Structures are given as structure tokens and as C-alpha cells.
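Reading the structure
This is what each chain is made of:
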Amino acid sequence: MIKTILLSVCIFLLLSCGKPSVDDRPIRPIEVLNFDTLFAQRCSGCHGNEGAGSASIALHDSAFMHIAGKSTIRDLIVNGRKNTLMPSFQSNTGNPLSDAQIDALVIGMSENWGGEIPPWAEGRRYEIQKGDAGRGRGAFADLCASCHGPDGTGAVAGSVVNASYLRLVSEQYLRSVILFGRPELGMPNFACKTDDKTIDDIVAWLLTHKENWSNAND
Ligand code: HEC
Ligand code: HEC
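The written sequence of each chain sets the order in which its residues are numbered from 1. Going through the entries in the order they are written, you letter the chains from A and number the ligands from 1. Residue-level local features of this predicted model are given only where pLDDT is at least 70; pairs of side-chain atoms are given and counted only at 80 or more, and the full residue set underlies all totals for whole chains, interfaces and linings.

Considering the overall build of the protein
Which entries qualify depends on this criterion: Strands are runs of DSSP state E lasting at least two residues, helices are runs of H or I lasting at least four, and both sets are numbered from the N terminus onward. Exposed residues have 12 or fewer other C-beta atoms within 10 Å of their own C-beta, buried residues have 20 or more, and partly exposed residues fall in between, where C-beta atoms are placed from the backbone. Residue pairs qualify as contacts under a 7 Å threshold applied to their C-beta atoms, which are placed from the backbone.
Check the secondary structure of the protein and you find eleven helices and zero strands. Helices and strands appear in the protein in the N-to-C order α-α-α-α-α-α-α-α-α-α-α. A total of 218 residues make up the protein; the buried ones form 23% of that total. Across the protein, every contact between residues at least 6 apart in sequence was considered, and the portion connecting residues at least 24 apart equals 66%.

Re helix α11 (residues 196–207)
Under the convention used in this document: In this scheme, a helix's expected span is set at 1.5 Å multiplied by one less than its residue total.
For α11, spanning twelve residues, the distance from its first C-alpha to its last is 17 Å, which sits close to the expected 16 Å at 1.5 Å a residue. α11 sits mainly inside the fold: nine of its twelve residues count as buried. For α11, every residue scored as buried is listed here: T198, I199, D200, D201, I202, V203, A204, W205 and L206. As for α11, its buried residues are in contact with α7 (133–143), α9 (163–168) and α10 (171–180).

Focus on the site of ligand 2
Going by this rule: Nearness here has a simple definition: the residue's C-beta atom, placed using the backbone, must lie within 6 Å of the molecule or strand. Under the scheme applied, nonpolar residues are Ala, Val, Leu, Ile, Met, Phe, Trp, Tyr, Cys and Pro; charged residues are Asp, Glu, Lys and Arg; polar residues are all the others, including Gly. Where each domain starts and ends follows an automatic or database-derived domain assignment.
Near ligand 2 lie 23 residues; those nearest to it are C43, C46, M86, S170 and S176. Of all the elements in the fold, those that place two or more residues in the shell around ligand 2 are α3 (44–47), α5 (70–79) and α10. Each residue belonging to the shell around ligand 2 can be placed in one class, and the counts come to 14 nonpolar, seven polar and two charged. Among the domains, domain 1 (30–121) and domain 2 (133–207) are the pair contributing at least three residues each to the shell around ligand 2.

Notes on the environment of A121
Counting through the fold element by element, A121 comes out in the loop between α6 (99–113) and α7. Through-space distance from the C-alpha of A121 to that of S62 is 9.0 Å; in sequence the pair is 59 residues apart. Dropping the residues within four chain positions of it, A121 is found in contact with A63, H66, I67 and A191.

Quick look at the site of ligand 1
If you check the shell around ligand 1, you find 18 residues, and the closest are C144, C147, G158, G186 and M187. When contributions to the shell around ligand 1 are tallied by element, the ones reaching two or more residues are α8 (145–148) and α10. Counted by class, the shell around ligand 1 contains 13 nonpolar, four polar and one charged residues.

Re the packing of helix α2 (residues 35–42) against α6
The line we're drawing: For helices, the axis comes from a line fit to the C-alpha atoms of the stretch in contact; other axes are also lines fit to C-alpha atoms, and the angle between any two N-to-C directions lies between 0 and 180 degrees. For classification, angles of less than 35 degrees are called roughly parallel, those exceeding 145 degrees roughly antiparallel, those between 65 and 115 degrees roughly perpendicular, and all remaining angles oblique.
Remark: α2 packs on α6, axes separated minimally by 9 Å, with the N-to-C direction vectors making an angle of 105°. One finds that α2 runs roughly perpendicular with respect to α6. Two secondary-structure elements touch here, α2 through F35, L38 and F39 and α6 through Q101, A104, L105, G108 and N112. Classifying every residue of the contact of α2 with α6 gives five nonpolar, three polar and no charged.

Considering the packing of α5 against α6
Just so we agree on the cut-off: Less than a right angle of anticlockwise turn of the near helix away from the far helix marks a crossing as left-handed, whereas a clockwise turn marks it as right-handed.
Put simply, α5 and α6 touch, their axes get as near as 10 Å, and they point 140° apart. Our classification of the angle between α5 and α6 gives oblique. Pair α5 / α6 crosses with right-handed handedness. Residues K70, I73, R74, I77 and V78 of α5 form the contact with α6, whose own contacting residues are I102, L105, V106, M109 and S110. Across the contact of α5 with α6, the residue classes tally to seven nonpolar, one polar and two charged.

So, unusual backbone geometry
Despite not being glycine, E50 has its phi angle at roughly 50°, a positive value. If you trace the backbone, E50 turns up in the loop between α3 and α4 (62–68).

What follows is the structure, encoded as C-alpha cells:
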């Protein structure tokens, strides 16, 4: 009799507690639609917690959200940026995002970080255009030399003319760093201090250092 009671208690416990409910089922990465979770899982490793910047540029920036715009950001998530560490999240990659997840990210970034647009950000251009390296050299001396040294090899801030660095980043990234700064590292934004053309010129001058590459296998 006691055995039978014990057995029924065990069966009851197994049936009632052992079975996970629908809510306990782990959410697969491709099903996550919450913006904070998506950004933390897929982007913050490189762009910092809540987009505050880390190995790569901060995205928690109303000027960035406004000037780059939603379609550029969407395109970057889908395609990544060729020859850089910014990955593509298309379905055929190792870290796919569904269309709904990409929308959740783009809308979430814009709603959470779009905020008020600083006056200097109105009417500015995001995309890099071909600049004049000669003019860029002069502008670098005026705007950048105080921290990066007159030849860009570094002073209170590091070198920005190292060939291996310049090969790691895209022209657009250099333009973005000058436009928006990396305030979390002490690199100011220059969009409020200079015009779009001058920024392209400075990037053109920086890129003249890209060829000083000493790897014989390259
Ligand atoms: C007030 C000082 C200051 C000025 C002025 C300044 N920078 Fe910087 N910059 C920094 C600091 C600090 C960093 C962070 C890394 C380091 O210490 O080198 C940085 C980083 C950078 C980086 C690397 C960013 C990255 O994420 O890879 C670039 C490129 C750069 N600066 C370009 C420029 C250019 C071009 C100008 C002029 C338009 C300029 N900087 C003016 C302080 C400055
Ligand atoms: C493995 C690191 C890594 C991950 C993960 C990553 N990024 Fe990036 N991202 C980068 C790098 C590096 C760049 C700059 C590439 C270059 O040189 O142009 C970049 C550039 C960008 C830019 C453009 C910045 C500019 O140059 O103006 C956006 C927007 C962006 N990433 C959004 C995202 C979003 C959204 C996610 C998550 C879905 C994400 N990234 C995940 C590394 C990463």
C-alpha cells in the first residue's frame, strides 16, 4: 500500500513539475524581437553597451541617427561593410537576422537614440566623397595637429597615419569619426567646426599614408 502511494506521488510530481510550460521554452536567437536584447546580442560587442561605443563607433547619437538615416543603417546591417570588421547579418551568414529583426533594430535605434537633432546636424551629408589631399593637409594642421601631431603620427592622442590602421578601416568610417567624433575616447566631433568638403579633404590626406605598407606578401 505504502509503495503504491509513493509511486503515485512520484508520478504526480513528474507530471506536474517536470514538464516545462510554453513560457519556459528558450527563445531561439532568430525569434528575438526586443530591441534591447537584439542590440545587446548582435551589436554591443563592437559598438558598446547601449551603443555607447567600444571597439567601433558609438551609435547612441542623435546626430548619427539623423545624418546617416534609417535606410543607410538598414543597408549596413544587411550587407555589412566590405573589407572591414562590420559583418553582414543576411540569412546566408553565420549570424542571420530575419527581416522583422532588422526592422526592430533600425526602428529601435532611431526611436531610442534619435532624440533631438543638434542644430549643426541639419542638412549635413553622411556619404564620403572624393576629397583634395592638398587642402586636407592644411585643414589637418589647423584642426587635428594639436592632438595627433603635425604629421599625424601622434602627440597627446595616437597616430592616425599608421598604414595598417588605415587598411583596417573604410574611408566612410574615417569620415564618420571626424563628423561625429568618438566622444567616449576624447575624440571631439568636427561637424560643428568645419564643413562637409573639408572633412572629405582631411580623409583624402589621411589616405595618402595608406600605401606605406611594409608587408612583402601583400
Ligand atoms: C582634443 C584632441 C583631439 C583632436 C583635436 C582630434 N582628435 Fe582624433 N582622437 C583624439 C583621441 C583622444 C582619440 C582616441 C584614440 C587615441 O587616443 O589616439 C582620437 C582618435 C582618432 C581617430 C581614430 C578613431 C577610431 O575609432 O579608429 C581618428 C581617425 C582621428 N582621431 C582623427 C582625427 C582628425 C582627422 C582630427 C582633426 C579633424 C582629429 N582627430 C582631432 C583626440 C583628438
Ligand atoms: C564584429 C564587430 C561588429 C559587430 C558585431 C557590429 N559592427 Fe557595426 N561596425 C563595425 C566596424 C568595425 C565598423 C566600421 C567599419 C568601417 O571601417 O567602415 C562598423 C560600422 C557600423 C556602422 C556605420 C558607422 C560609420 O562608419 O558611419 C553602423 C551603422 C553599424 N556598424 C551598425 C551595427 C549594428 C546595428 C550592428 C548589430 C546588428 C553592428 N553594427 C554589429 C563592427 C561591428
